[in-house]
Amino acid sequence: MRILVVDDDPFICRLMSRQLHTLGFAQIELCERARAAVERLEHEPDTPGLIFCDLQMPEMDGVEFIRHLVRLGYRGALVLVSGEDERILQSAERLARAHQLQVAGTLYKPVSSRQLQHLLQALPNPRQERTSPTPPYGAEALAHGIAAGQLVNHYQPKVDMHSGAVVGVETLVRWQHPEDGLIYPDRFITTAEDHGLIDALMRAVLRCALDDARRWERQGHALQLAVNVSMDNLVRLDFPEFVEEEAARAGVAPGTLIFEVTESHLMKNREAALDILTRLRLKRVGLSIDDFGTGHSSLVQLRDIPFTELKIDRSFVHGAWRDSALSAILGSSLDMARKLGMKTVVEGIEDGDDWNHLHAAGCDIAQGWFIARAMPAEQLIDWLDGRRAIQPPPTSDPPTNRTGRPSSRNPPPTP
């Protein structure tokens, strides 16, 4: 694999070259000018599989270099290196990922051989072709799928972080296409919102979820049922009556339901939404502000809408134990929710370090791959019946390693 190191400091270039040679890499090119590196990439048919790029460079900085990589359609892996403030490096990384570049990681100067070795061991195949984004389905096909009953629900468990008990599930819709198989919502939700189908979609999801909840209850599993709604669903003033009637039909108490309200668009009719959400609370339906901290979700909504639950987006959860900015945002959100008398749910817990950090921070409910992935209704019962309870970590501070982070040598047992 060819490696290109772009850094205006000759000493750093030579140091990186020696370190890479020691780790077994032979084809290493050094470039002390970012503009010269761009010219090289423009004229070489065989581009390097891995590029190390400094952020702070004269003539052309690392962010400008990222822009050129996007223009050239670079398909290898990129490592950003800097001695700048940690948050500047993180912002540059997020920018590169937003441009669909394959970011292998970030390194802080001075780069140690151990840092470099750890990053390279986890390096994905830089020559792996990225597939083009799959286009979404059209409105006509989706409308037919909804009418034909092709939507199916998968459910991701939610666990009480203090007792370890499974307290509920989030409903995640899928489309069981007769020809294309299982289709995930990223390929049809936007179509539903843009073509007036989101209401029919949500109603189909809710009916199915209520029927599943009643079945689970008969099998001895009383679970809170979270269903996603968008502000586009909250335009018909008879929506609370629809929810009440569907719950009665299924034999499920309205208090079993929690609507996770996602505002992917600005409210079209704020008064109608406030009317509907307030009346849902009068019927004992719970309300969760979903993806808090992203999109249009805001403090104004917390002030005006009687939410019972604050759900913190995964972008603020995974890895917060090692990121001071994420940890500060997370801690402030949890503290605010407590003062408002709201339960907190965190999604995106992927490992024992995430669990330990969120437990120590005082989060109420956890959701993520560390606990379980979303699964069909019939598999959920088998998972619940065969599951070992997740024991909460000890109340004392968890052991730390030399970096000061919680040690994952003895994480809480997984299901």
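Note on numbering: residues in each chain are counted from 1, in written sequence order. Confidence filtering applies because this is a predicted model: local features only for residues at pLDDT of at least 70, side-chain atom pairs given and counted only at 80 or more, and all residues used for totals across whole chains, interfaces and linings. Side-chain measures were taken over the full set of non-hydrogen atoms in the model, leaving aside hydrogen atoms and water.

A. A look at helix α2 (residues 34-43). Buried, partly exposed and exposed residues are distinguished by accessible area as a fraction of the type maximum, computed with a 1.4 Å probe on protein chains only: under 20%, between the cut-offs, and over 50%, respectively. Numbering of helices and strands runs from the N terminus; a helix is a DSSP stretch of H or I covering at least four residues, while a strand is a stretch of E covering at least two. Along α2, the residues classified as buried are Ala 34, Ala 36, Ala 37, Val 38 and Leu 41. Structurally, α2 contributes buried residues whose contacts are with β1 (3-6), β2 (28-31), β3 (50-54) and α3 (62-72). In this analysis, two residues are considered to be in contact whenever any of their non-hydrogen atoms come within 4.5 Å of each other.

B. Highlighting the nonpolar core. Think of a nonpolar core as a cluster: buried Ala, Val, Leu, Ile, Met, Phe, Trp, Tyr and Cys residues, connected wherever their side-chain atoms sit within 4.5 Å. By size, the foremost hydrophobic cluster in this structure holds 74 residues, and its most contacted members are Trp 216, Leu 225 and Phe 259. At 9 residues, helix α8 (residues 198-218) tops the list of elements feeding residues into this core. Excluding anything up to four places from it in sequence, Leu 225 contacts Tyr 155, Val 169, Thr 171, Ala 209, Leu 210, Ala 213, Trp 216, Thr 256, Leu 257 and Ile 258. By size, the runner-up hydrophobic cluster in this structure holds 24 residues, among which are Val 38, Met 60, Ile 66 and Leu 69.

C. Quick peek at the side chain of Glu 170. Among the secondary structure elements, Glu 170 is positioned in strand β7 (residues 166-177). Here a polar contact means two N or O atoms within 3.5 Å. Within protein one must be a hydrogen donor candidate and the other an acceptor candidate, and residues neighboring in sequence count only if both atoms are side-chain atoms. Side chain to side chain, Glu 170 and Gln 367 meet in a polar contact 2.5 Å long. Apart from residues no more than four positions distant in its own chain, Glu 170 is found in contact with His 154, Tyr 155, Gln 156, Lys 158, Ala 226, Asn 228, Glu 260, Lys 311, Glu 347 and Gln 367.

D. Structural context of the packing of aromatic side chains. When the centres of two rings from Phe, Tyr and Trp lie within 6.5 Å, Trp using its six-membered ring, the rings pair. Their planes under 30 degrees apart give stacked, over 60 give edge-to-face, and anything left gives tilted. Inspection of the entire model under this criterion finds 6 aromatic pairs. When the centroid spacing of 6.1 Å and the interplanar angle of 50 degrees are considered together, the rings of Trp 355 and Phe 370 count as tilted. Taken together, the positions of Trp 355 in helix α13 (residues 352-361) and Phe 370 in the loop between β14 (365-367) and β15 (375-376) put the pair 15 residues apart, joining distant regions of the chain. Each member of the pair, Trp 355 as well as Phe 370, is classed as buried. Above the plane of the ring of Phe 242 lies Arg 203, whose end atom (NZ or CZ) is 4.1 Å from the centre. Both a distance and an angle decide whether a charge sits over a ring: NZ of Lys or CZ of Arg must be within 6 Å of the ring centre and within 35 degrees of the ring normal. Across from the ring centre of Trp 369, 3.6 Å away, lies the NZ or CZ of Arg 373, which sits over that ring.

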